[in-house]
Amino acid sequence: MSTASAAYPVGTPGNPWGDAERSQWLLRQTRQRSYESDVLSVIERLRSRFDVQEYGRLEYGPDVYPLMAIRSRDWRADRPVVLITGGVHGYETSGVHGALQFVEQHALDYAGRVNLLVAPCVSPWAYERSQRWNANAIDPNRSFRDDGQAGESAALMQLVASIDEPILLHIDLHETTDTDETEFRPALAARDGKPFEPGDIPDGFYLVDDTESPQPEFQQALIKAVEKITHIAPADDNGEILGSSAAARGVIQYPLAQLGLCTSMTNARYRTTTEVYPPSVSLVVQLAVPPEFH
């Protein structure tokens, strides 16, 4: 697979997509699961213990998706905010269900300590279709900027902007999958009219810090806690993870604001994007939150 055309069936090699190609790509997308059953029904169960807020609504043709956030019931102005986001890339399932599971099982442990805000499924259209992009073939996780074109990102940015209290911590939950290499990177290359360059899939857990404002001690504290649950993705022979130099064990850095990534939308001192490889044969799952996270 040396070019996008060899790996992806939409578009003409070397030519960026236009409306026709985007329409052809959209016709290939099929609903595989239900946002209402998997996400909204769980959020409904949480209403007895948490405040639930609809912060936006997406319309893609006949499909309408309410965008939901879960908030601490005892929200107070003198407490910092902890923001957790999942499902910015809808196909990255563990972030969506991990965020919901955290709220169900552990969120009340933080009552009276922080204001907790959780947006568990930022991209519901993409969640239903196991897709990285939205229905317009736009990546929400490159759209957290004022000129971003993804409605999913704009709605979440508006929600965050409405919060008066300082945001101390933002954790954005992602995963790395085999389909990154077989579907989503080839599609990206085809969409942008560029050659597809095959890469590697990191096996394990790793974090993405901010190049412009790194917090190495915070990132390493998370790595040390997580390695008690599962293994940390090793750097390759070039000292890289996913083509980026490892800043520390299990940590790479991106220019968050420049790329329009989700964790760039706050001024939180502590920000990180978590990545995990669920198909790993070495993956160990432990449901309890380790003491280091408290």
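Scroll up to find the structure this text is about.
Described below are features of the structure shown in this document. (Residues numbered from 1 in each chain as written. Predicted model: local features only at pLDDT ≥ 70, side-chain atom pairs only at ≥ 80, totals over all residues. Heavy atoms only, no water.)

Our focus in this paragraph is the overall build of the protein. Check the secondary structure of the protein and you find nine helices and 10 strands. Along the first, second and third principal axes, the C-alpha atoms of the protein reach 55 × 50 × 35 Å. Expressed as a percentage of the 294 residues in the protein, the buried residues total 52%. When contacts within the protein are restricted to residue pairs at least 6 apart in sequence, those whose partners lie at least 24 apart make up 75%. A total accessible area of about 13500 Å² is found for the protein, and carbon and sulfur atoms account for 49% of it. For the protein, the centre of its 25 positive side-chain charges and the centre of its 41 negative side-chain charges are spaced 5 Å apart. (Helix = DSSP H or I, 4+ residues; strand = E, 2+ residues; numbered from the N terminus. Buried < 20%, exposed > 50% of the residue type's maximum accessible area, 1.4 Å probe, protein only. Contact = heavy atoms within 4.5 Å. Areas by Shrake-Rupley, 256 points an atom, 1.4 Å probe, with all protein chains shown as cover. Lys, Arg positive; Asp, Glu negative; His and termini not counted. Charge placed at Lys NZ, Arg CZ, Asp CG, Glu CD.)

Counting 69 residues, the largest nonpolar core has Tyr55 and Leu156 as its most contacted members. Apart from the residues lying within four places of it in its own chain, the contact partners of Leu156 are Tyr55, Thr85, Ala119, Val122, Phe144, Cys262 and Met265. Listed in part, the eight residues of the second largest apolar core include Tyr206, Ile252, Tyr254 and Leu256. (Core = buried A, V, L, I, M, F, W, Y, C linked by side-chain atoms within 4.5 Å.)

As a further point, take the pairing of strand 6 (residues 206–210). Judged by how many residues are buried, strand 6 sits mostly within the fold: five of five residues are covered. The two faces of strand 6 match: Tyr206, Val208 and Asp210 on one face and Leu207 and Asp209 on the other face are all buried. Strand direction decides the pairing type here: strand 6 and strand 10 (residues 270–275), joined by three bridges, are antiparallel. Looking across to strand 10, one finds that Leu207 is bridged to Thr274. As defined by bridge partners, strand 6 adjoins strand 9 (residues 251–254) across four bridges and the pair is classed as parallel. In the sheet register, Leu207 faces strand 9, and the bridge partner there is Val251. (Pairing = 2+ DSSP bridges.)

Quick look at helix 6 (residues 151–161) now. Of all the residues in helix 6, the buried ones are Glu152, Ser153, Ala155, Leu156, Leu159 and Val160. Buried residues of helix 6 fall within an arc of 165° about the axis and therefore sit on the same side. Among the exposed residues of helix 6, those oriented more than 90 degrees off its buried face are Gln158 and Ala161. At its buried positions, helix 6 is contacted by strand 1 (51–60), strand 2 (63–71), strand 3 (81–86), strand 4 (115–119) and strand 5 (167–173). (Arc of directions from axis to C-beta.)

With the rule as written, the count across this model stands at nine aromatic pairs. Taking 5.1 Å as the distance between ring centres and 50° as the angle between the ring planes, the aromatic pair formed by Phe218 and Tyr270 counts as tilted. With Phe218 in helix 8 (residues 216–226) and Tyr270 in strand 10, this residue pair connects regions lying 52 residues apart in the sequence. Residue class for Phe218 comes out buried when judged on its relative accessible area of 15%. (Phe/Tyr/Trp six-rings, centres within 6.5 Å; stacked < 30°, edge-to-face > 60°.)

Before going further, it helps to spend a moment on the pattern of salt bridges. Between side chains of opposite charge, pairing is possible as soon as their charged atoms come close. All told, the structure shown has 17 salt bridges when counted by the stated rule. Note that Asp78 is salt-bridged to Arg76, the shortest N-O span being 2.5 Å. A relative accessible area of 55% places Asp78 in the exposed class. Judged by its relative accessible area of 41%, Arg76 is partly exposed. Here the salt bridges share partners, and the residues they tie into one network are Arg31, Asp63, Glu128 and Arg129. (Salt bridge = Lys/Arg side-chain N within 4 Å of Asp/Glu carboxyl O.)

The buried count for strand 5 comes to six of seven residues, which makes it a mostly enclosed element. Bridging between strand 3 and strand 5 involves six bridges; their strand directions are parallel. Bridging from a neighbouring strand, Thr85 pairs with Asp172 of strand 5. Pairing geometry for strand 5 and strand 10, over five bridges, is parallel.

Read these as spatial facts, not as claims about activity.
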